[in-house]
Amino acid sequence: LRSKNWRGRGTLAGSLFDGPDRSAAARALALRRMSTLGPTRSTAHDGTVTIEVPSAGPYGMELQGDPKSGMCAMIRQWERLPGGKFGPIQKHGGVRVGDWLIRINDFDCTTQRFSQVHALLADSNQLRKTLVFGSRAKYKEICDSNSGPKVKGALDSSGGPQFVSSVRMARVNQYEQSPFAEYEVVCRLRLVTNKVQKESTIKWCVWHRFSEFEELDKALRKQLGWQMGNISFPPKNSLTFNKLSLDFIETRRAHLDNYWQQVMSLDRIAEFHKHHSSEHLKVFLDIPNQMANGSPRGGGGG
């Protein structure tokens, strides 16, 4: 895997627009030439996502209540709509199985029985229907706040995993001589200083082409061996002639994100401070710079 500084392509403040010869008009033209696809928010990185849906379903998701309390409603699995299409929630791309439906319009779902939440969601007589979904960590945070104040000085353990990442957006970069598609990998890393029990979170993003994901995949398979055995990399070839079409790029982004989540779920894959951590993955994600500076770099991830 090539070792290079990815930030030049990953940020609008990077090398694309640096230097005295870059006029405001040139910057504006370059921005217009980059069409972005994918969700602008996700529960994994932003905690909550708000989605406007039709008053009447189906919405393409199977829900279940909290196994312990019977409250609220969690997405158990996705269901295809008639004709095999994705429902509006899954199609959004920023909500995942295991997330919680925490609000319907002004109705707080976290304090209500599952049957009440399900009945309100099925009610087609509402003029509008705005759904707010939250991550597991967000749901736990809300439940903890509803149950009473925390012990003073205690760190909140509901912040979720230390590292969260997803392939959130895609764009067609036409600034170069030959246009190409590239994909945004957004990252969130929680850093905890045990000495003073202080926690901080840094967010950033990097942009990569499909071929660079492919190079990383080869490197990970060589290093991790059997651990990558059940993880399939998205197919390179397809029957699509125009690989810069918006439909093709968005489909590929979704496939890359599905692949990426499987990689991120591998045991100890995100222990970047340990000797067994993949150097190829750290370079791909710009981890050395992020951990050294302890502040976001590489663009507006999050």
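Provided above is the structure to which this section pertains.
Residues numbered from 1 in each chain as written. Predicted model: local features only at pLDDT ≥ 70, side-chain atom pairs only at ≥ 80, totals over all residues. Heavy atoms only, no water.

Honestly, the environment of L220 in this entry has me stumped. Any pointers?
Considering the arrangement of structural elements, one finds L220 in helix α7 (residues 210–224). Given a relative accessible area of 0%, L220 falls into the buried group. Expressed as a C-alpha distance, the spacing of L220 and H280, which sit 60 residues apart in the sequence, is 7.6 Å. Among residues more than four places away in sequence, those in contact with L220 are G225, M228, Y259, V263, S278 and L281. (Helix = DSSP H or I, 4+ residues; strand = E, 2+ residues; numbered from the N terminus. Buried < 20%, exposed > 50% of the residue type's maximum accessible area, 1.4 Å probe, protein only. Contact = heavy atoms within 4.5 Å.)

Explanation requested: α7 in the structure shown.
The α-helix advances 3.6 residues per turn, and as a result positions three or four apart in sequence lie on the same side. Taking 1.5 Å per residue, 15 residues should reach 21 Å; α7 reaches 21 Å between its end C-alpha atoms and fits that length. Buried within α7 we find F210, E212, F213, E214, L216, D217, A219, L220 and L224. Just downstream of α7, G225 is the residue with a positive phi angle, here 60°. (Expected span 1.5 Å × (residues − 1).)

Help me understand the packing of α7 against helix α8 (residues 246–264) in this model?
If you want to describe how two helices pack, look at the angle between their axes and the distance between the axes. Axis separation between α7 and α8 bottoms out at 12 Å; the angle between their running directions is 25°. With respect to each other, α7 and α8 are oriented roughly parallel. The two elements α7 and α8 meet at a crossing, and its hand is left-handed. Side by side, α7 and α8 meet where F210, F213, L216, D217 and L220 of the first sit next to R252, L256, Y259, W260 and V263 of the second. Classifying every residue of the contact of α7 with α8 by side-chain character gives eight nonpolar, no polar and two charged. (Axes fitted to C-alpha atoms, helices over the stretch in contact; angles between N-to-C directions. Parallel < 35°, antiparallel > 145°, perpendicular 65-115°, else oblique. Left-handed = near helix turned anticlockwise from the far one by under 90°. Nonpolar A, V, L, I, M, F, W, Y, C, P; charged D, E, K, R; others polar.)

Where do I start with the pairing of strand β5 (residues 100–104) in this structure?
It is a general feature of regular strands that their side chains alternate between the two faces of the sheet. Taking burial as the measure, the five residues of β5 include four buried ones, the bulk of the element. Pairing of β5 with strand β7 (residues 129–134) involves four bridges; the strand directions are antiparallel. The residue of β7 that forms the bridge with R103 is V132. Alignment of β5 against strand β6 (residues 107–108), held across two bridges, turns out to be antiparallel. Residue pairing for β6: I104 is matched across the bridge by F107. Between β5 and β6, which pair antiparallel one after the other, the connecting turn spans two residues, and N105 there sits at a positive phi close to 55°. (Pairing = 2+ DSSP bridges.)

For this particular structure, what's the right way to read the packing of aromatic side chains?
Given two aromatic rings, one states the distance between the centres and the angle between the planes to describe the pair. What the rule picks out here adds up to eight aromatic pairs. Where F213 meets W260, the ring centres are 6.0 Å apart and the plane angle is 85°; that geometry is what we call edge-to-face. Here F213 is found in helix α7, whereas its partner W260 is found in helix α8, with 47 residues between them in sequence. Each ring, one from F233 and one from Y259, has its centre 5.0 Å from the other, and the planes form 85°; the classification is edge-to-face. Pair noted here: F233 is in the loop between α7 and α8 and Y259 is in helix α8, with a separation of 26 residues, a long-range link. (Phe/Tyr/Trp six-rings, centres within 6.5 Å; stacked < 30°, edge-to-face > 60°.)

Any chance you could explain the pairing of strand β3 (residues 61–64) here in plain terms?
Residues M61 and L63 of β3 are buried on one face, while the alternating residues E62 and Q64, pointing to the opposite face, are not. Both β3 and strand β4 (residues 74–78) contribute to a ladder of four bridges, which runs antiparallel. Of the residues in β4, the one forming a bridge with Q64 is M74.

Would you take a moment to explain the pattern of salt bridges for this structure?
Counted by the stated rule, this structure contains twelve salt bridges. As a salt-bridge pair, R76 and E62 come within 3.2 Å of each other at their nearest N and O atoms. One end of the pair, R76, is in strand β4; the other, E62, is in strand β3, with 14 residues separating them in the sequence. Judged by its relative accessible area of 48%, R76 is partly exposed. Residue E250 pairs with R253 through a salt bridge whose shortest N-O separation is 2.8 Å. Linking E250 with R253, this pair stays in helix α8, spanning three residues, or about one helical turn. Salt bridges sharing common partners tie together D46, R168 and E184. (Salt bridge = Lys/Arg side-chain N within 4 Å of Asp/Glu carboxyl O.)

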